[in-house]
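So the chains spell out like this:
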Amino acid sequence: MSTDTVLEQRMAELTDRQVPFVKATVVRALHPTSAHPGDIALVLEDGRIEGFVGGVCAEATVRLQALRLLSSGESLLLRISPDAPAQPEAAPPDDTEGTEGTLLVANPCLSGGELEIFLEPLRPSPVVLVLGDTPIGRSLLALGVGLGYDVRALARELPDEDLPDEALPDEELGTAAAVVVASHGRDEEGVLTRAARAAVPYVALVASRRRGAAVLAGLDLTAEQRARVHTPAGLWIGARTPGEIAVSILAELVASRHAVLVHSEDGAPPHSGSTEPRSAVDPECGMTVAVLPDTPFSDVRGHRHWFCSTGCRDRFEARTAEGSQPAEQP
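Treat the numbers as computed from the prediction; the structure is a model and nothing was measured.

**Some points on the overall build of the chain**
Scanning the chain from N- to C-terminus turns up nine helices and 15 strands. Counting the 330 residues in the chain, one finds 43% classified as buried. Partitioning the intrachain contacts of the chain with sequence separation of at least 6 by distance along the chain shows that 60% fall at a separation of at least 24. A total of about 16600 Å² of accessible surface is found on the chain, and carbon and sulfur atoms cover 51% of it.

**What about a nonpolar patch on the surface?**
A contiguous nonpolar patch, built from L143, I237 and V247 and spanning about 250 Å² of accessible area, is present on the exposed surface. Following the sequence through the fold, V247 ends up in helix α8 (residues 242-257).

**Points about the confidence of the model for the chain**
Of all residues in the chain, 80% attain a pLDDT of 70 or more, and the chain-wide mean is 83. In this model, residues 88-98 is a region of pLDDT below 50 whose contacts with residues beyond four sequence positions or in other chains number 15 contacts. Scored below 50 in pLDDT, residues 157-161 makes six contacts in the model with residues more than four places away or belonging to other chains.

**Topic: the pairing of strand β7 (residues 127-131)**
Two faces belong to every sheet, and in a regular strand the side chains alternate between them. Most of β7 sits out of view: five of its five residues are buried. Burial along β7 is two-sided: the residues V127, L129 and L131 and V128 and V130 are all buried. Crossover β7 to strand β8 (residues 150-154) through helix α3 (residues 135-144) is right-handed. In this structure, β7 lies alongside strand β9 (residues 176-181), joined through five bridges in parallel fashion. Across the sheet, V127 pairs through a bridge with A176, a residue of β9.

**Points about the side chain of E284**
Mapped onto the elements, E284 comes out in the loop between β12 (279-281) and β13 (288-290). Taking relative accessible area as the criterion, E284 reaches 7% and is therefore assigned buried.

**Observations concerning the sheet that holds strand β10 (residues 202-205)**
Taking strand neighbours across the sheet as the criterion, the five strands line up as β8-β7-β9-β10-β11 in an open arrangement whose pairing is parallel. In the strand order of this sheet, the two ends are held by β8 and β11 (229-230), each with one partner. As paired elements, β7 and β8 share five bridges and run parallel to each other. Paired with L129 across the bridge in β8 is R152. Sheet strands touched by α3: β7, β8 and β9. Its angle to β8, the strand with the most contacts, is close to 155°. Docked against the sheet, helix α5 (residues 188-197) engages β7, β8, β9, β10 and β11, running at close to 160° with respect to β10.

**Focus: the packing of α3 against α8**
Packing of α3 against α8 brings their axes to within 8 Å, and their N-to-C directions diverge by 60°. Between α3 and α8, the angle falls in the class oblique. For α3 against α8, the interelement crossing comes out right-handed. Residue-level inspection shows P135, I136, S139, L140, L143 and G144 of α3 in contact with α8, the latter providing P242, G243, I245, A246, V247, I249 and L250. Classifying every residue of the contact of α3 with α8 gives ten nonpolar, three polar and no charged.

**A short note on unusual backbone geometry**
Generally, phi is negative for residues other than glycine and the peptide bonds are trans, each holding for most cases. Omega for the peptide link from T231 to P232 comes to -5°, which places this bond in the cis form. Note that P232 resides in the loop between β11 and α8. At A199, a residue that is not glycine, the phi angle is positive and equals roughly 60°. Within the element layout of this structure, A199 appears in the loop between α5 and β10. Unlike most non-glycine residues, R301 shows phi in positive territory, near 50°. Here R301 lies in the loop between β14 (297-300) and β15 (303-306). Under the relative-accessibility criterion, R301 is labelled exposed at 65%.

Rules of the game
Residues numbered from 1 in each chain as written. Predicted model: local features only at pLDDT ≥ 70, side-chain atom pairs only at ≥ 80, totals over all residues. Heavy atoms only, no water. Helix = DSSP H or I, 4+ residues; strand = E, 2+ residues; numbered from the N terminus. Buried < 20%, exposed > 50% of the residue type's maximum accessible area, 1.4 Å probe, protein only. Contact = heavy atoms within 4.5 Å. Areas by Shrake-Rupley, 256 points an atom, 1.4 Å probe, with all protein chains shown as cover. Patch = residues over 30% accessible without salt bridge, like charges linked within 9 Å, V, L, I, M, F, W, Y side chains within 5 Å. Salt bridge = Lys/Arg side-chain N within 4 Å of Asp/Glu carboxyl O. pLDDT = per-residue confidence, 0-100. Right-handed = clockwise from strand over helix to strand, strands pointing away. Pairing = 2+ DSSP bridges. Axes fitted to C-alpha atoms, helices over the stretch in contact; angles between N-to-C directions. Parallel < 35°, antiparallel > 145°, perpendicular 65-115°, else oblique. Left-handed = near helix turned anticlockwise from the far one by under 90°. Nonpolar A, V, L, I, M, F, W, Y, C, P; charged D, E, K, R; others polar.

What follows is the structure, given as structure tokens:
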């Protein structure tokens, strides 16, 4: 089985499982490089790379930018060159030479070649689970589709008892981007408890401020889990009708997904769900790298440094052991 076939099957598997990833495709390679046009790799949320788009130094750049794109959802043409001017570590991912959608990154570790790699985030439609066959619940189902969300109603099997577990399977809860309870008092506690314990990114309860606080106080949750539940649900926009309230809830969900700090009626900002990766500058070559569990690092004189590769780490440790300074950064 060819590598391309394996990666195509892997992409189909990730898509079926609602797992976001970035597809990286080499579109241009100026030799000497180890990658060739058409080479493909997949970058997962935890930074793992499956496939091949270059050596370890090129991979370090691809991984960092791909993780940033998983947060923004935007595609990018990444140009990697050893001769590019160095950019500040704090530069945003779209800080380019005036060309929107492209990014030129200096990679002094490359052996003279250049790479152009198209990075395409493939994120599943956010799954939004709605409990409540109510005017607000029905409005959420109708309006959420227009945002490209996969909005699903939680069916009730029993009229006078708690929502059974089979009506909200763990695998469905595990893939949910949001759970909104708009059932006006019916089956609230069990769904809210399970959603908060499962760390669903956005959990909301449609209720008045007083009733919402009373419901939260009675849940078997930690203080941190309880604080994740938004109630009253939605941003304060003066909404009155069910449709307007649904709009306010979806607006709060959008803000939460994109880590935009907006204020509710009482002035408290919502919880931020930013997935922007932590990064650091390699002190040996000057590259910016993602700080992940498998990123090479070294502790020197009480300070931890991260590196694009073990080669840079070993050279840095040799220099510091000899009492010399790190190589001059470009």
